[in-house]
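Report on the structure
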Amino acid sequence: MSIYLVHVLLAFLAPAFVGAVLTPKGESFKNIYKAIIFAIIGFLIFKACKHALIDQKVIFFVNLALILVLVLCFVALFFKSKIFRLVCICLLFIAQGFIYGEIGSNFPVFQGELLDSLSLTSLFLIAFGLILVVCFYFIIYLCQNQKLKFSLFLLSIVLLIVDRAGFLVLFLMQNGVVKTYTSLLSIVAKVIYFNGFLPYIFSFFAFIIVLFEFLSRPKSAIKSEVGSIKFRQIKAARSKANGLLVWVILVFALNSSFMLYFYLIASAPPKISTPTLVQPVNGEFKFDVSVLKDNKLHRYAYVTDTGHEVRFFLLNRYADKSSPIIVFDACSICGDMGYVKKGNDLICISCNVRIFLPSVGKAGGCNPIPMEYSYDGKTISVKQKTLEDGAVFFTKIVEKMVTDPVSLEKVSNIKTKFTYLYYGKTYFFKTQENMDKFSTNPELYVTTDGRLKERK
């Protein structure tokens, strides 16, 4: 749920910095509520465009317009016209309101017709994010070091123009207007990746400004030496600098904490449990289904002679009755990242699709790849060949000591360079001589189904 707060910071923290620097003295409260109103207008424009199914086309022109507005904001810094600056701020927040709607379009606050606790929590996080943005705005506005604010303002404009240019070029490449060169695509990818760091950067800018404000505050004085009026001025200036430092540290800590929590924890894909390694007995694997009484997913792995780690799992499809199933821990669409079970859902880690448990074992969609097995009411049995055939679904290769079919010595499947494919199975050899003997007459050493023959 922290994603709702993160979206607010991504969309509005940077324009809050720009707006605070542009706001003339005495206009802070007027400008902040106008900025909020125009951000809401931008958000509603996005909603209307999305309803008309033209949002993806309009976002290009919004990004283009935003670059022009940022240039106007730079120009406005050299003019004292309150109206011109206010127009720049309002246009900036209209565009950012539209972008806020776009980045949060896949995460609706209201999941249904009823206002549930999850929706209320999401609304609270959005409101809290807006409070942080407003606090951030006033921190920058109240700082008096105009030279430092001016320098960081120019840097901010450059960063924001580069950021939007990256999204513009990506749109043009996606629509075939700009040719997709590898070097250009790499630059665009880095620029878009950099977008997620903007809240950290602007929070750091605020910290630098306030730190200089704190270090340049007047020294404490004695009332009898400087007079009561001067003493009160010095005391007020020092109190203001101290308060700003406390507030900027608090806002910086909260912004960073929520951003780090989201990117490092909340948005991190779930990890699969460590599989239990198993070995066949007489060419077959057997599993007692009584282990499924806990209604958990039980993950196993078999390492083939080629070193492929073939993962699979058992689970019970119904919580109130025995309905065991065994499937590969891979998807024909998403690959071998695997699955996790949460409550009554099976979740594909790659695409986060939730799978209806009773459908597990059926082919298609994002379901786990099914396998052949037999079930006698107590035990699930799987042929070794079934798992070996499933090696094509997995990419992980591990080292395994396998038997050289000629010398019967143990060799490493990944260290030896002598291999030979026979009836769909790869055999490994310690020496070139052993491989040559095998290739000349393989039926002397193994059967066609991969078993070693007994030597006389």
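Residues numbered from 1 in each chain as written. Predicted model: local features only at pLDDT ≥ 70, side-chain atom pairs only at ≥ 80, totals over all residues. Heavy atoms only, no water.

1. What to know about the pattern of salt bridges
Pairs may arise between side chains of opposite charge once their charged atoms sit close together. This structure, assessed with the given rule, holds 14 salt bridges. For E284, the salt bridge goes to K286, with nearest N and O atoms at 3.5 Å. Classification of K286 as exposed rests on a relative accessible area of 55%. In this structure, the salt-bridge partner of K383 is E284, at a minimum N-O distance of 3.9 Å. Taken together, the residues span a long stretch of sequence, with K383 in strand β11 (residues 379-383) and E284 in strand β2 (residues 284-288) at a distance of 99 residues. Ionic contacts of the salt-bridge type, sharing partners, join the residues E284, K286 and K383 into one network. (Salt bridge = Lys/Arg side-chain N within 4 Å of Asp/Glu carboxyl O. Buried < 20%, exposed > 50% of the residue type's maximum accessible area, 1.4 Å probe, protein only. Helix = DSSP H or I, 4+ residues; strand = E, 2+ residues; numbered from the N terminus.)

2. What to know about unusual backbone geometry
Residue L53 is not a glycine yet carries a positive backbone phi of 60°. By relative accessible area, L53 is classed as exposed at 73%.

3. Quick notes on the pairing of strand β15 (residues 425-429)
Within β15, four of the five residues are buried, which leaves it mostly tucked inside the rest of the structure. The pairing of strand β14 (residues 418-422) with β15 spans five bridges and is antiparallel. Residue pairing in the sheet places Y422 in a bridge with K425 of β15. Turn length for the β14-β15 hairpin, with the two strands adjacent in sequence and antiparallel, is two residues, and the turn residue Y423 shows positive phi of about 50°. (Pairing = 2+ DSSP bridges.)

4. Here we look at the nonpolar core
Membership of the largest hydrophobic core comes to 69 residues, with the highest contact counts inside it found for F17, L22 and F136. Put simply, the parts of the chain that give this core at least two residues each are α1 (3-22), α2 (28-51), α3 (55-76), α4 (82-103), α5 (117-142), α6 (146-174), α8 (198-215) and α10 (228-266). Counting residues per element, this core draws most heavily on α1, at 17 residues. Those residues in contact with F136, other than ones at most four positions away along the chain, are L13, A16, F17, F202, S203, A206 and V251. Judged by nonpolar contacts, the second largest core, of 20 residues, contains F328, I369, M371 and V382. (Core = buried A, V, L, I, M, F, W, Y, C linked by side-chain atoms within 4.5 Å. Contact = heavy atoms within 4.5 Å.)

5. Comments concerning the packing of α3 against α6
Packing of α3 against α6 brings their axes to within 9 Å, and their N-to-C directions diverge by 160°. With respect to α6, the axis of α3 lies roughly antiparallel. The handedness of the crossing between α3 and α6 comes out as left-handed. Taking contact as the criterion, the partners of Q56, K57, F60, N63, L64, L66, I67, L70, V71, C73 and F74 in α3 are, on α6, F153, L154, I157, L160, I161, R164, A165, F167, L168, F171 and L172. (Axes fitted to C-alpha atoms, helices over the stretch in contact; angles between N-to-C directions. Parallel < 35°, antiparallel > 145°, perpendicular 65-115°, else oblique. Left-handed = near helix turned anticlockwise from the far one by under 90°.)

6. A look at the environment of A48
With respect to the helices and strands, the residue A48 is situated in helix α2. A48 sits in the partly exposed class, given a relative accessible area of 47%. It is 23 Å that separates the C-alpha atoms of A48 and Y33, two residues lying 15 residues apart in sequence.

7. Some remarks on the packing of aromatic side chains
Summed over all chains, the structure comprises 35 aromatic pairs. Note on F12 and Y100: the rings are 5.5 Å apart at their centroids and 40° apart in plane angle, and the pair reads as tilted. One end of the pair, F12, is in helix α1; the other, Y100, is in helix α4, with 88 residues separating them in the sequence. Exposure class is identical for F12 and Y100. Each is buried. Both rings, one in F46 and one in F98, keep their centres 5.3 Å apart while their planes meet at 90°; by these two values the pair is edge-to-face. With a gap of 52 residues between them, F46 in helix α2 and F98 in helix α4 connect regions that are remote in the sequence. Every member of this aromatic cluster is reached through a ring pair, and the members are Y420, Y422, Y423, Y427, F429, F438 and Y445. Geometry around F214 places R217 over its ring, the cationic atom sitting 3.9 Å from the centre. The ring of Y318 has K321 sitting right over it, with the charged end atom 4.7 Å from the ring centre. (Phe/Tyr/Trp six-rings, centres within 6.5 Å; stacked < 30°, edge-to-face > 60°. Lys NZ or Arg CZ within 6 Å of the ring centre and 35° of its normal.)

Spatial relationships are all this shows, so hold off on functional conclusions.
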